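Descriptive analysis of the structure
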Amino acid sequence: MLFSKKTGTSDHCFRLYGYNRCQNLPEEETVMKKYRLFAAALALLLLCACGLSGEERWERALDELNRESELPFALTQPEAELGNTSGYWESGGFGCRGLHNDDVYILLSGWPDVLDDYRVTDIHLLSPRYAVFGLRVGDAAERAAEVLEPRGYELVPDVRGWGDTYYIKDGVIIHLEYHGETISDLTAYVQSTNVEDVDF
(Lines give C-alpha, C1' and ligand atoms only; values in the text may rest on other atoms or scores of the structure.)
Protein backbone atom coordinates (compact mmCIF):
# COMPACT_ATOMS: atom_id res chain seq x y z
CA MET A 1 0.00 0.00 0.00
CA LEU A 2 1.34 3.42 -0.97
CA PHE A 3 1.49 6.29 1.52
CA SER A 4 1.08 9.95 0.59
CA LYS A 5 3.23 12.40 2.52
CA LYS A 6 1.07 15.24 1.22
CA THR A 7 -2.20 14.04 2.77
CA GLY A 8 -0.91 11.51 5.26
CA THR A 9 -3.13 8.74 3.89
CA SER A 10 -2.51 5.47 2.17
CA ASP A 11 -3.47 4.51 -1.38
CA HIS A 12 -6.17 2.36 0.17
CA CYS A 13 -7.60 5.46 1.86
CA PHE A 14 -7.62 7.32 -1.42
CA ARG A 15 -10.02 4.76 -2.83
CA LEU A 16 -12.05 4.21 0.35
CA TYR A 17 -12.53 7.75 1.48
CA GLY A 18 -13.18 9.42 -1.86
CA TYR A 19 -9.92 11.13 -2.70
CA ASN A 20 -8.98 11.45 -6.33
CA ARG A 21 -5.68 9.62 -6.37
CA CYS A 22 -4.36 11.23 -9.56
CA GLN A 23 -5.15 14.82 -8.63
CA ASN A 24 -5.06 14.56 -4.83
CA LEU A 25 -8.39 16.40 -4.61
CA PRO A 26 -10.87 15.81 -1.82
CA GLU A 27 -14.03 13.95 -2.82
CA GLU A 28 -16.14 17.14 -2.75
CA GLU A 29 -14.13 18.77 -5.54
CA THR A 30 -14.13 15.57 -7.60
CA VAL A 31 -17.88 15.20 -7.13
CA MET A 32 -18.39 18.84 -8.13
CA LYS A 33 -16.41 18.25 -11.32
CA LYS A 34 -18.58 15.19 -12.04
CA TYR A 35 -21.75 17.23 -11.41
CA ARG A 36 -20.52 19.99 -13.72
CA LEU A 37 -19.75 17.45 -16.42
CA PHE A 38 -23.16 15.84 -15.89
CA ALA A 39 -24.88 19.25 -16.00
CA ALA A 40 -23.08 20.16 -19.22
CA ALA A 41 -24.07 16.84 -20.82
CA LEU A 42 -27.67 17.30 -19.64
CA ALA A 43 -27.77 20.84 -21.04
CA LEU A 44 -26.52 19.58 -24.39
CA LEU A 45 -29.12 16.82 -24.36
CA LEU A 46 -31.88 19.32 -23.54
CA LEU A 47 -30.74 21.64 -26.33
CA CYS A 48 -30.96 18.76 -28.77
CA ALA A 49 -34.35 17.66 -27.43
CA CYS A 50 -35.72 21.20 -27.37
CA GLY A 51 -34.55 21.90 -30.90
CA LEU A 52 -37.11 21.96 -33.65
CA SER A 53 -38.71 18.63 -34.46
CA GLY A 54 -38.89 17.43 -38.04
CA GLU A 55 -42.49 18.58 -38.28
CA GLU A 56 -41.65 22.04 -36.92
CA ARG A 57 -38.77 22.43 -39.37
CA TRP A 58 -41.03 21.32 -42.20
CA GLU A 59 -43.73 23.82 -41.14
CA ARG A 60 -41.16 26.63 -41.03
CA ALA A 61 -39.81 25.75 -44.49
CA LEU A 62 -43.34 25.59 -45.89
CA ASP A 63 -44.34 28.86 -44.22
CA GLU A 64 -41.20 30.54 -45.57
CA LEU A 65 -41.96 29.39 -49.12
CA ASN A 66 -45.60 30.49 -48.99
CA ARG A 67 -44.79 33.83 -47.35
CA GLU A 68 -41.85 34.81 -49.57
CA SER A 69 -43.13 33.63 -52.95
CA GLU A 70 -45.60 35.06 -55.42
CA LEU A 71 -48.03 32.18 -55.96
CA PRO A 72 -51.74 31.98 -56.76
CA PHE A 73 -52.33 29.52 -53.90
CA ALA A 74 -50.34 28.41 -50.87
CA LEU A 75 -48.62 25.05 -50.97
CA THR A 76 -50.72 22.58 -48.89
CA GLN A 77 -53.73 24.94 -48.96
CA PRO A 78 -56.92 22.84 -48.59
CA GLU A 79 -59.02 22.48 -51.74
CA ALA A 80 -62.07 23.76 -49.84
CA GLU A 81 -60.26 27.10 -49.26
CA LEU A 82 -59.24 27.80 -52.86
CA GLY A 83 -62.21 30.04 -53.56
CA ASN A 84 -63.04 30.99 -57.15
CA THR A 85 -61.11 28.85 -59.63
CA SER A 86 -63.06 29.92 -62.73
CA GLY A 87 -59.84 31.26 -64.31
CA TYR A 88 -58.43 27.73 -64.50
CA TRP A 89 -59.11 24.71 -66.65
CA GLU A 90 -59.65 21.51 -64.73
CA SER A 91 -58.17 18.12 -65.46
CA GLY A 92 -58.83 14.86 -63.66
CA GLY A 93 -56.48 12.11 -62.69
CA PHE A 94 -56.16 9.03 -60.54
CA GLY A 95 -55.79 10.22 -56.96
CA CYS A 96 -55.42 13.85 -58.01
CA ARG A 97 -56.83 16.64 -60.11
CA GLY A 98 -55.30 19.66 -61.73
CA LEU A 99 -56.09 23.34 -62.21
CA HIS A 100 -54.16 25.13 -64.92
CA ASN A 101 -53.94 28.17 -67.14
CA ASP A 102 -51.19 29.69 -69.27
CA ASP A 103 -49.14 30.70 -66.20
CA VAL A 104 -49.38 27.85 -63.72
CA TYR A 105 -50.40 24.23 -63.21
CA ILE A 106 -51.73 23.40 -59.73
CA LEU A 107 -51.94 19.76 -58.63
CA LEU A 108 -54.44 18.86 -55.91
CA SER A 109 -54.01 15.50 -54.19
CA GLY A 110 -54.37 13.85 -50.81
CA TRP A 111 -52.00 15.28 -48.26
CA PRO A 112 -50.22 14.50 -45.95
CA ASP A 113 -51.28 11.02 -47.06
CA VAL A 114 -52.74 10.15 -50.46
CA LEU A 115 -56.02 9.13 -48.78
CA ASP A 116 -56.41 12.46 -46.96
CA ASP A 117 -58.39 15.47 -48.20
CA TYR A 118 -57.12 17.19 -51.32
CA ARG A 119 -54.69 20.05 -50.89
CA VAL A 120 -52.35 21.96 -53.19
CA THR A 121 -49.35 19.63 -53.40
CA ASP A 122 -47.60 20.92 -56.56
CA ILE A 123 -47.32 24.40 -58.02
CA HIS A 124 -45.74 24.25 -61.47
CA LEU A 125 -44.84 27.66 -62.89
CA LEU A 126 -45.13 27.96 -66.68
CA SER A 127 -44.48 31.70 -67.17
CA PRO A 128 -42.71 34.59 -65.38
CA ARG A 129 -46.00 35.79 -63.83
CA TYR A 130 -45.38 33.91 -60.56
CA ALA A 131 -42.19 33.35 -58.56
CA VAL A 132 -40.69 31.10 -55.89
CA PHE A 133 -38.40 33.18 -53.65
CA GLY A 134 -38.07 35.61 -56.55
CA LEU A 135 -37.04 32.89 -59.04
CA ARG A 136 -39.06 33.01 -62.24
CA VAL A 137 -39.31 31.08 -65.46
CA GLY A 138 -36.86 32.77 -67.84
CA ASP A 139 -34.28 33.63 -65.14
CA ALA A 140 -30.65 32.64 -65.61
CA ALA A 141 -29.97 29.09 -64.44
CA GLU A 142 -27.24 30.13 -61.97
CA ARG A 143 -29.73 32.27 -60.02
CA ALA A 144 -31.25 29.10 -58.56
CA ALA A 145 -28.20 28.33 -56.43
CA GLU A 146 -27.74 32.01 -55.52
CA VAL A 147 -31.31 32.24 -54.22
CA LEU A 148 -31.96 28.79 -52.75
CA GLU A 149 -28.71 27.73 -51.11
CA PRO A 150 -28.49 30.72 -48.71
CA ARG A 151 -32.02 29.80 -47.56
CA GLY A 152 -30.82 26.32 -46.57
CA TYR A 153 -32.01 24.39 -49.63
CA GLU A 154 -29.66 21.57 -50.58
CA LEU A 155 -28.97 20.55 -54.15
CA VAL A 156 -29.81 16.92 -54.88
CA PRO A 157 -27.58 15.27 -57.50
CA ASP A 158 -29.16 14.69 -60.92
CA VAL A 159 -29.39 10.90 -60.93
CA ARG A 160 -31.50 10.73 -64.10
CA GLY A 161 -29.00 12.65 -66.20
CA TRP A 162 -31.64 14.98 -67.64
CA GLY A 163 -29.92 18.16 -66.51
CA ASP A 164 -32.71 19.34 -64.22
CA THR A 165 -32.11 20.08 -60.56
CA TYR A 166 -33.86 19.48 -57.27
CA TYR A 167 -33.40 21.52 -54.12
CA ILE A 168 -34.79 20.18 -50.84
CA LYS A 169 -35.31 21.74 -47.44
CA ASP A 170 -37.14 19.89 -44.67
CA GLY A 171 -39.63 18.18 -46.99
CA VAL A 172 -40.23 21.14 -49.32
CA ILE A 173 -38.91 20.40 -52.81
CA ILE A 174 -38.12 22.82 -55.63
CA HIS A 175 -37.58 21.29 -59.06
CA LEU A 176 -36.05 23.29 -61.91
CA GLU A 177 -35.79 22.43 -65.59
CA TYR A 178 -33.69 24.38 -68.06
CA HIS A 179 -33.64 25.39 -71.69
CA GLY A 180 -30.02 26.25 -72.37
CA GLU A 181 -28.92 28.57 -69.58
CA THR A 182 -32.39 29.72 -68.51
CA ILE A 183 -35.03 28.28 -66.21
CA SER A 184 -37.83 26.88 -68.36
CA ASP A 185 -39.96 25.18 -65.66
CA LEU A 186 -40.09 25.66 -61.91
CA THR A 187 -42.11 23.49 -59.53
CA ALA A 188 -42.52 23.72 -55.76
CA TYR A 189 -44.06 20.65 -54.17
CA VAL A 190 -44.46 18.39 -51.16
CA GLN A 191 -44.69 14.62 -51.25
CA SER A 192 -47.54 12.66 -49.72
CA THR A 193 -47.18 9.43 -47.83
CA ASN A 194 -48.97 6.28 -49.00
CA VAL A 195 -49.50 4.37 -45.76
CA GLU A 196 -52.11 1.99 -47.21
CA ASP A 197 -50.00 1.38 -50.35
CA VAL A 198 -52.86 2.55 -52.59
CA ASP A 199 -52.28 1.92 -56.30
CA PHE A 200 -54.03 4.60 -58.36
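In this report, the structure presented in the accompanying data block is examined. Because the structure is predicted, anything quoted here is derived from the model rather than measured.

The next point concerns the pattern of salt bridges. The final tally for this structure, using the stated rule, is 11 salt bridges. A salt bridge links D103 to R129; the shortest N-O distance between them is 3.2 Å. Here the residue D103 occupies a position in the loop between β2 (96-100) and β3 (104-110), and R129 occupies one in the loop between β4 (118-125) and α4 (143-148), the gap between them amounting to 26 residues. By relative accessible area, D103 is classed as buried at 16%. Each of D63, E64, R67, E68, R151 and K169 takes part in a single network of salt bridges with overlapping partners.

Looking now at the environment of A188. When you line up the elements, A188 lands in strand β8 (residues 182-190). Linking A188 and V132, residues 56 residues apart in sequence, is a C-alpha distance of 7.6 Å. Apart from the residues lying within four places of it in its own chain, the contact partners of A188 are L65, L75, T121, D122, I123, V132, I173 and I174.

So, on to the packing of aromatic side chains. Within the structure shown, the criterion is met by 3 aromatic pairs. For the pair W58 and W111, a centre-to-centre distance of 5.1 Å together with 25° between the ring planes defines the contact as stacked. On the criterion of sequence distance, the pair formed by W58 in helix α3 (residues 54-67) and W111 in the loop between β3 and β4 is long-range, its members being 53 residues apart. With a relative accessible area of 12%, W111 lands in the buried category. Between the aromatic rings of F73 and Y88, the centroid separation amounts to 5.6 Å while the plane-to-plane angle is 45°, which identifies the pairing as tilted. Residue F73 is found in the loop between α3 and β1 (89-92), and its partner Y88 is found in the loop between α3 and β1; the two are separated by 15 residues along the sequence.

Conventions and cut-offs
- Residues numbered from 1 in each chain as written.
- Predicted model: local features only at pLDDT ≥ 70, side-chain atom pairs only at ≥ 80, totals over all residues.
- Heavy atoms only, no water.
- Salt bridge = Lys/Arg side-chain N within 4 Å of Asp/Glu carboxyl O.
- Helix = DSSP H or I, 4+ residues; strand = E, 2+ residues; numbered from the N terminus.
- Buried < 20%, exposed > 50% of the residue type's maximum accessible area, 1.4 Å probe, protein only.
- Contact = heavy atoms within 4.5 Å.
- Phe/Tyr/Trp six-rings, centres within 6.5 Å; stacked < 30°, edge-to-face > 60°.

Remember, this is a structural readout, not a statement about activity or role.
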